[in-house]
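Survey of secondary and tertiary structure
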Amino acid sequence: MTLLILYIIGIVSEAMTGSLSAGKRKMDWFGVILIASITSLGGGTIRDILLNHYPLTWVKHPYFLILTCLAGICATQIPNWITKNNKLFLTLDAIGLITFTIIGFQIALEIGCSPLICIVSGLITGVFGGLMRDILTQNPPIVLYRELYASVSILTSGIYLFLINTKLNHDLVIIISFFSGLIIRLLAIKFNLNLPTFSIKEINGNSKFKDK
Amino acid sequence: MTLLILYIIGIVSEAMTGSLSAGKRKMDWFGVILIASITSLGGGTIRDILLNHYPLTWVKHPYFLILTCLAGICATQIPNWITKNNKLFLTLDAIGLITFTIIGFQIALEIGCSPLICIVSGLITGVFGGLMRDILTQNPPIVLYRELYASVSILTSGIYLFLINTKLNHDLVIIISFFSGLIIRLLAIKFNLNLPTFSIKEINGNSKFKDK
Amino acid sequence: MTLLILYIIGIVSEAMTGSLSAGKRKMDWFGVILIASITSLGGGTIRDILLNHYPLTWVKHPYFLILTCLAGICATQIPNWITKNNKLFLTLDAIGLITFTIIGFQIALEIGCSPLICIVSGLITGVFGGLMRDILTQNPPIVLYRELYASVSILTSGIYLFLINTKLNHDLVIIISFFSGLIIRLLAIKFNLNLPTFSIKEINGNSKFKDK
C-alpha cells in the first residue's frame, strides 16, 4: 500500500525534526526519543483520543514506535547532514503533513463523522505532533505563527472531500489529493507564503499576563 | 433552553479572549482560530476525555466549532472595541465560567459520578480552556496565579449540589446557582479579591530547575 | 497490599514536589492544589487515556484526589522542612517512580498489551506527572534533560518483565523488581549519573524558533 510507505516516510522525517529540536535544547537521549515519538505519533494519538478510536496505532503496532525511536537516535548522529539538506527535509516533512492529513480524514470518514470533523481530523493528525514538540521544547508553536502549513492540510482535505464525491476510483482520489497538496505546500515553501497575521498592541506598557 | 443560550454566550466570549491572546502573540489566522476554539471548547473536551463521555460535543455538533471560529475571527476585527469594553467582557467571561461549571457538573452527575467528581468536572469544564490558551500562547496560566476564578466554580458547584438535594424544581436550582455564582464572581472582580498565594524563596541562587 | 501503601507514599511525595514547584512560581492555593494533583495523578491519567482504561483511578476512588490535595496544602506549610530534608524526598520520589512504573506495567499487561507497550505504560505512569508539572509551572521538563530517571523506569520494567517469565511467585517478582529499581535510582542520585546529552549548535545566530 502506497499510503503505508508515505506514512513511514512521514513519521521518520517528523521524528527527525523532533530529535533536532530536542538537540537544540541539549536534552539527553531519553528526551530525544520522547520528543521524536511525540512529534511523529502525537498528532494521530490526539486524533484517536478525540474521536474515541481505539486502540491507538502505536499501541496496536509497536514497531511504529520502535521506528520513531530509531529515527530519533539516528538524527542525533547526523545533525549537520540534516541541516545541510534542509530542503530535502522540508520536502519529507511536507510528504508527512499531506499523508497524515489524508489518513486522518479517512479515519474520521470511516467512523462516520461529518465533513467538517473529517477536515479537523486531518488537520489535527497533520499539525498537532509539531505543536506538542514545540511546547515540550519550550518554543513558540511554529504552526500558529507562520508559513502556509495548517492551511495546506485544510486545502488537501477540501480537494479530497471534493474528489470522493465524484465517481473517481478511490486510489486515484488519494493520488490526486496527495500531489495537489504536496505541490501547494512546496510552492508555499519556495515563495515563502504566509497567512496574514493578527497583531494587537498591548494597551498597558507591562502586559498583565507577562511573567516576571 | 436557557442553558443553551448561556452556553453560546460563554463559548463566544471565551473564543474572543483566546483570539486576543493569540493577537498579542502575533499569530496568523490559523493560530487565532485554533486558540479561540481550544479556549472555548477545550475545557469540555478534557472533561469528556477524563470521564469517557463520547462523542465530544463539537464532534457531534460541529456548528459549535464553526461558531467559535467565527467569534475568533470577529474579535480580530474589533480588538480596540473589546479592550475598551473590558468590563462587558469580564461579565461575559463570568457567565461562561458559571455556565460551563453547571454543565460540567450536570454531565458528571448524569454519568453517575460521586459529588466530589461532579465538582471537579465543573471545575475542569470552567477553567481548563483558559489554562490551555495560556500554555499555547506561552503565558503563565492566569487561573493558577490569582483572582477568585477557580474558587467561584467550586462555590457554584457547592451551591448547586446543596440545592439539588432540596425539593426545589430543577430549573429553579439552575437559576439560583447561576446567579449566586455570577454575583460572587462579579464581586470578586469588583473588589479584586484573590486567594492567598504560596511563595517560597529559592534556597540556592541559581535554581536547579531554571533553563539557561 | 504492599503496592497500595507504596502507591500512597508515591502520590503523597509527588504531590509535595508539585506543591513546591507551584510555590516557587507564587501560585495561589488553587494553583498549588491543581499542580499537586496533576503531578501525582497525571501520569496514571495519561496512561489510562492512551490505553482506553476507564474509569480513571481518581474518578473511581476520589479519596486519592483528596489525599493529593491535602498533601499539596500540607507542603505549603513546611517548605523549609522539605528543602532541608531533600534527600528524604528524593528517596520518597524514587519510591513513587518505581511503584508507578510497576503499577503501569501491570495494568498494560492485564489489558493484554505487548511487552514493549507494557514498558511504555510503566514509563508514562512514572514520568508524565512530573513532565506536566514542569510545563504548567513553565520550567524545562527536568526528565528530558538529565538524571537517570526515565531510564530507571525502563530498567525496572525490564527486570519485572524478565522475572514474570520465570517461575517465581508474583509477590516476589514485585519485591525484587521494586528493590532493584530503587537501588539503581538511589545510586544514580548518589553518583549524579546522567544519560549522555545530545547538543547541536544553532547554525544561524538568531534561531528562527526563538521567541523574542
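Residues numbered from 1 in each chain as written. Chains lettered and ligands numbered in written order. Predicted model: local features only at pLDDT ≥ 70, side-chain atom pairs only at ≥ 80, totals over all residues. Heavy atoms only, no water.

Looking at an unreviewed UniProt entry, one finds chain A named Glycine transporter domain-containing protein and attributed to Paraphotobacterium marinum. The annotation that UniProt attaches to chain A under Subcellular location (unreviewed entry) is "Cell membrane". (UniProt positions renumbered as here; feature names shortened; annotations may be inferred.)

1. Examining the overall build of chain A
When you go through chain A residue by residue, the secondary structure sums to nine helices and zero strands. In sequence order, chain A lays out its α and β elements as α-α-α-α-α-α-α-α-α. Taken against the 2.2 N^0.38 rule, which gives 17 Å for 212 residues, the C-alpha radius of gyration of chain A at 18 Å falls within 12% of a compact globule. Its C-alpha atoms put chain A at 60 × 45 × 35 Å along the principal axes. Counting across all 212 residues of chain A, residues that qualify as buried make up 57%. Residue pairs in contact within chain A that sit at least 24 positions apart in sequence constitute 73% of those at least 6 positions apart. (Helix = DSSP H or I, 4+ residues; strand = E, 2+ residues; numbered from the N terminus. Rg over C-alpha atoms; globule rule 2.2 N^0.38 Å. Buried < 20%, exposed > 50% of the residue type's maximum accessible area, 1.4 Å probe, protein only. Contact = heavy atoms within 4.5 Å.)

2. Notes on the packing of aromatic side chains
Under the counting rule described, the total for this entry stands at 15 aromatic pairs over all chains. Each ring, one from A:Tyr63 and one from A:Phe64, has its centre 5.2 Å from the other, and the planes form 50°; the classification is tilted. On the basis of relative accessibility, which here comes to 7%, the residue A:Phe64 falls in the buried class. The interplanar angle of 55° and the centroid separation of 5.8 Å between the aromatic rings of B:Tyr7 and B:Phe100 together place this pair among those described as tilted. Of this pair, B:Tyr7 sits in helix α1 (residues 2-24) while B:Phe100 sits in helix α6 (residues 86-111), placing them 93 residues apart in sequence. The pair B:Tyr7 / B:Phe100 is uniform in exposure class, with both members buried. (Phe/Tyr/Trp six-rings, centres within 6.5 Å; stacked < 30°, edge-to-face > 60°.)

3. Considerations on a nonpolar patch on the surface
On the surface, A:Ile175, A:Phe179, A:Ile183, A:Leu187, A:Phe191 and A:Leu193 cluster together to form a nonpolar patch covering roughly 580 Å² of accessible area. Mapped onto the elements of the fold, A:Phe191 is located in the segment after α9 (170-190). (Patch = residues over 30% accessible without salt bridge, like charges linked within 9 Å, V, L, I, M, F, W, Y side chains within 5 Å. Areas by Shrake-Rupley, 256 points an atom, 1.4 Å probe, with all protein chains shown as cover. Salt bridge = Lys/Arg side-chain N within 4 Å of Asp/Glu carboxyl O.)

4. Observations concerning the UniProt feature "transmembrane region" (unreviewed entry) in chain A
Residues and elements named next belong to chain A. When the UniProt feature table is mapped to this numbering, "transmembrane region" (unreviewed entry) covers residues 31-51, 63-82, 88-109, 116-136, 148-165 and 172-189. Span residues 116-136 is 100% helix and 0% strand, its end C-alpha atoms 29 Å apart. As annotated, residues 172-189 comprises 100% helix and 0% strand, and the C-alpha atoms at either end are separated by 26 Å.

5. Points about α9(A)
Residue and element names in this part refer to chain A. With 21 residues, α9 should reach 30 Å at 1.5 Å per residue; the first-to-last C-alpha distance of 30 Å fits that figure. Along α9, the positions that sit buried rather than exposed are Val173, Ile174, Ser177, Phe178, Gly181, Leu182, Arg185 and Ala188. Along the axis of α9, the buried residues cluster in a sector spanning 150°; they form a single face. If you follow the buried residues of α9, they end up packed against α1 (2-24), α6 (86-111) and α8 (150-164). If you check the start of α9, you find a side-chain oxygen 2.7 Å away from the backbone N of Asp171, and it comes from Asn169. Of the residues flanking the end of α9, it is Asn192, one or two places downstream, whose phi is positive at about 55°. (Expected span 1.5 Å × (residues − 1). Arc of directions from axis to C-beta. Polar contact = N/O pair within 3.5 Å; in protein donor to acceptor, adjacent residues only side chain to side chain.)

6. Overview of the UniProt feature "domain: Glycine transporter" (unreviewed entry) in chain A
Those places that UniProt annotates as "domain: Glycine transporter" (unreviewed entry) correspond, in this numbering, to residues 5-75 and 91-163 of chain A. In the segment residues 5-75 of chain A, helix accounts for 86% and strand for 0%; the C-alpha atoms at its two ends are 20 Å apart.

7. Here's the deal with the environment of A:Phe178
Residues and elements named next belong to chain A. Mapped onto the secondary structure, Phe178 falls in helix α9. For Phe178, a relative accessible area of 6% puts it in the buried group. A C-alpha to C-alpha distance of 7.1 Å links Phe178 and Thr99, two positions 79 residues apart in sequence. The residues contacting Phe178, other than those within four sequence positions of it, are Leu6, Ile95, Ile98, Thr99 and Ile102.

8. Details of the pattern of salt bridges
Residue and element names in this part refer to chain A. Counted by the stated rule, this structure contains six salt bridges over all chains. Residues Arg47 and Asp48 are paired through a salt bridge, measuring 2.9 Å at the closest nitrogen-oxygen approach. A residue is classified by how much of its surface remains accessible, and Arg47, at 3% relative accessible area, is buried. Overall, the relative accessible area of 1% leaves Asp48 in the buried class. Its salt-bridge partner being Arg133, residue Asp134 comes within 3.1 Å of it at the nearest N-O pair. Asp134 sits in the buried class, given a relative accessible area of 0%.

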